Amino acid sequence: MSLRSGKFPTDWKFARIVPIPKSGDPTNPANYRPISILPILSKLLEKHVHQLLLHHLVSNNQLSPCQWGFTEKKSTTTALLSFIHDCHLALESGNDVCTVFYDLSKAFDSVPHIPLLNNLSSLEVNPFVLKWIADYLANRSQAVVLGGCQSQTLPVVSGVPQGSVLGPLLFLVYINGACNIVRHSKVTMYADDIAMSRIICNPTDYSYLQEDIKSFCLWITNNYLKLNFNKCCYKVITRKRNPILPAKDLYIGNAQTLVQNHHYKYLGINLSPDLSWTHHILFLCKKARKLVGMLHRNFSTFASSTVMIRLYKSLIRPHLEYACIVWDPHLKRDILKIERVQKFALRVCSKKWRANYDRLLNNFRISTLYGRRKILKLCTLFCIFNGAMSLPSPPISIKSTPYSCRHCNNLQLLVPHSRSTAFLHSFFVETIESWNNLPFDVSTISSLSSFKFQLKQVYLN
């Protein structure tokens, strides 16, 4: 019953499932994500319980440090930043990195309720909150709604609701112990996106990695989760002509061979074997051009240039800037490829196909993507330095200067030593160099908004 009728609904635990397509064959129901449409009032109560539970977990350091999903001061960008930096450090030392990527099948829907409540109890969650969560998960039902038709209502015997406020945090609690059983490798998790990395100095390291794979798969099985073996793979990151490869195949689960994937998309970023970003930029530009074409076909005949540029900023430019602090290119050809996409988009928005790019930037009061990336990288470093973003042991330390100068930046940071061009242009090395060259009055700002405003005066004027 709708709230508009003036009566409160009695089916608070009834969820209408809307299937959202993922990748793969659209005719296969397994390639759809079930999103629960829940009452707004229940979500408000969920948010309050979520805040209480998250505060308890964070204040008592009970969430695994390898988990980057759905927590404060962490995101996919910080997860990628930490992962890529560790890979760069290994390559700088002359080693390789082997990473195993896991794919969990229906992870959120497979969480059993009783073990989840046991995990919450072991984390010393308030008994009243624990009882509330137990009641929240019990006696739920759901039905699929598609095309105006509704399926039969069935009870929910496991899983946490996707589309809820509390569901993602409950999943983090359930999978929290997965990192503890890995002894020889480093695990990076963003909810159910899991990567297990091991620095390869000699072929023996693959044996340690195989041991961790076996232990992790056993934990997954014992905790009633399931791996999608067809989507699990491994990747060797190296700059050697003859990299160190495993003497025999890596196995997962019941002796199923892991496939080596040379180009893998992890958390939205296409990883190449040598950590170059040309392949990712080609994919990104192709995708953005398709979106610009869609914008032109659907809106150009009746929308004004003002509306078109707003659509570009909200729907297309975020694709061109997602995690750009990680893959910011240094090669001129890659920089120009990305700028050409914005040039094409601005011409579509202005409906002037031969307009000059600089004039378009001035008319729309928009800056180059190159300049925006530089500002975003410095703002990210500012947040990491001031604790607004969380990274384990970031390579940031203040360099003591024997003199003081009014016109230069006295807050100098130590620049990590780099031997390769790739590491020289990685986030921390390049951004710390830019930080050290900032004017004195900019480097001493304590507010992020003021810092960003001053950077715009430096880089965009």
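Residues numbered from 1 in each chain as written. Predicted model: local features only at pLDDT ≥ 70, side-chain atom pairs only at ≥ 80, totals over all residues. Heavy atoms only, no water.

Caption draft 1: Up close: the confidence of the model for the protein. Residue-level pLDDT values for the protein average 90, and 95% of them are 70 or greater. By mean pLDDT, the top-scoring element of the protein is helix 9 (residues 324-327) (97), and the lowest-scoring one is helix 15 (residues 440-443) (82). The low-confidence segment residues 1-10 (pLDDT under 50) makes six contacts with residues lying over four places distant or belonging to another chain. (pLDDT = per-residue confidence, 0-100. Helix = DSSP H or I, 4+ residues; strand = E, 2+ residues; numbered from the N terminus. Contact = heavy atoms within 4.5 Å.)

Caption draft 2: Here's a closer look at helix 2 (residues 76-92). For helix 2, built from 17 residues, the straight-helix expectation of 24 Å at 1.5 Å per residue is met to within 8% by its first-to-last C-alpha distance of 24 Å. Across the 17 residues that make up helix 2, a large majority, 15, are buried. Here helix 2 starts with a cap whose side-chain oxygen sits 3.3 Å from the backbone nitrogen of Thr77, and that cap is Ser75. Directly after helix 2, the chain includes Gly94, whose backbone phi takes a positive value near 85°. (Expected span 1.5 Å × (residues − 1). Buried < 20%, exposed > 50% of the residue type's maximum accessible area, 1.4 Å probe, protein only. Polar contact = N/O pair within 3.5 Å; in protein donor to acceptor, adjacent residues only side chain to side chain.)

Caption draft 3: Representation of helix 3 (residues 113-122) within the structure. By the burial criterion, the buried members of helix 3 are His113, Leu116 and Leu120. Looking straight down helix 3, one finds its buried side chains confined to an arc of 65°; they lie on one side. Counted as exposed and oriented over 90 degrees from the buried face of helix 3: Ile114 and Ser122. Structurally, helix 3 contributes buried residues whose contacts are with helix 1 (40-59), helix 4 (127-137), strand 6 (154-156) and helix 5 (167-174). Just past helix 3, the residue Glu124 takes up positive phi, approximately 60°. (Arc of directions from axis to C-beta.)

Caption draft 4: Molecular detail of the environment of Leu361. Following the sequence through the fold, Leu361 ends up in helix 11 (residues 357-364). Residue Leu361 is classed as buried on the basis of its relative accessible area of 8%. When the C-alpha atoms of Leu361 and Leu346 are compared, they prove to be 8.1 Å apart, with 15 residues separating the residues in sequence. Ignoring sequence-local partners within four residues, the contact set of Leu361 consists of Gln342, Leu346, Ile366, Ser367 and Thr368.

Caption draft 5: Focus on the pattern of salt bridges. This model, assessed by the stated rule, comprises twelve salt bridges. Between Asp328 and Arg373 there is a salt bridge, with the nearest N and O atoms lying 2.7 Å from each other. With Asp328 in the loop between helix 9 and helix 10 (332-350) and Arg373 in helix 12 (residues 369-385), this residue pair connects regions lying 45 residues apart in the sequence. Pair check on accessibility: Asp328 and Arg373 agree, each one buried. A salt bridge links Asp328 to Lys377; the nearest nitrogen and oxygen atoms lie 3.1 Å apart. Highlighted residues: Asp328 in the loop between helix 9 and helix 10 and Lys377 in helix 12, separated in sequence by 49 residues. Like Asp328, the residue Lys377 is buried in the burial classification. (Salt bridge = Lys/Arg side-chain N within 4 Å of Asp/Glu carboxyl O.)

Caption draft 6: Spatial organisation of the nonpolar core. Among the nonpolar cores identified, the biggest contains 72 residues, and Tyr312, Trp327, Leu346 and Phe451 are the most heavily contacted of them. Here this core gets eight residues from one element, more than from any other, and that element is helix 2. If we ignore the near neighbours within four places in the chain, the residues touching Trp327 are Ile269, Trp277, His280, Ile281, Leu284, Leu320, Tyr322 and Ile338. Membership of the second largest hydrophobic core comes to 56 residues, among which are Leu116, Leu130, Leu137 and Leu258. (Core = buried A, V, L, I, M, F, W, Y, C linked by side-chain atoms within 4.5 Å.)

Caption draft 7: A positive patch on the surface, seen in detail. Taken together, the side chains of Lys22, Arg33, Lys106 and Lys231 make up a positively charged region of the molecular surface. Note that Arg33 resides in strand 2 (residues 32-37). (Patch = residues over 30% accessible without salt bridge, like charges linked within 9 Å, V, L, I, M, F, W, Y side chains within 5 Å. Areas by Shrake-Rupley, 256 points an atom, 1.4 Å probe, with all protein chains shown as cover. Lys, Arg positive; Asp, Glu negative; His and termini not counted. Charge placed at Lys NZ, Arg CZ, Asp CG, Glu CD.)

Caption draft 8: Representation of the pairing of strand 3 (residues 96-103) within the structure. Taken across its eight residues, strand 3 has seven buried, putting it largely inside the fold. One ladder, built from eight bridges, connects strand 3 with strand 8 (residues 193-200); its direction is antiparallel. Within strand 8, the residue paired with Cys98 across the bridge is Arg198. (Pairing = 2+ DSSP bridges.)

Caption draft 9: Spotlight on the sheet that holds strand 3. The sheet built from five strands is open, its strands ordered 7-8-3-9-12 with mixed pairing. One side of each edge strand has no neighbouring strand; the edge strands of this open sheet are strand 7 (186-190) and strand 12 (259-260). Where strand 7 and strand 8 come together, five bridges link them in antiparallel fashion. When the sheet's bridge partners are listed, Lys186 is paired in strand 8 with Ser197. Strands in contact with helix 2 are strand 3, strand 7, strand 8 and strand 9 (233-237); relative to strand 7, the strand with the most contacts, it is inclined by about 160°. Sheet contacts for helix 6 (residues 204-222): strand 3, strand 8 and strand 9; angle to strand 8, the most-contacted strand, approximately 160°. (Axes fitted to C-alpha atoms, helices over the stretch in contact; angles between N-to-C directions.)

Caption draft 10: Region of interest: the state of the cysteines. A complete count under the given rule lists one disulfide for this structure. The disulfide partner of Cys66 is Cys179, and the S-S distance across this bridge is 1.9 Å. Measuring the twist about the S-S bond at about 80°, one finds the Cys66-Cys179 disulfide to be right-handed. Of this pair, Cys66 sits in the loop between helix 1 and helix 2 while Cys179 sits in the loop between helix 5 and strand 7; the two residues are 113 residues apart in sequence, bridging distant segments of the chain. Of the two residues, Cys66 and Cys179, both sit in the buried class. (Disulfide = S-S within 2.5 Å.)

Caption draft 11: Region of interest: the side chain of Thr78. One can find Thr78 in helix 2. A relative accessible area of 4% means that Thr78 is categorised as buried. Here Ser75 takes part through its backbone nitrogen, which lies 2.8 Å from a polar atom of the side chain of Thr78. Other than its neighbours up to four places away in sequence, Thr78 contacts Trp68, Lys73, Met389, Ser390 and Leu391.

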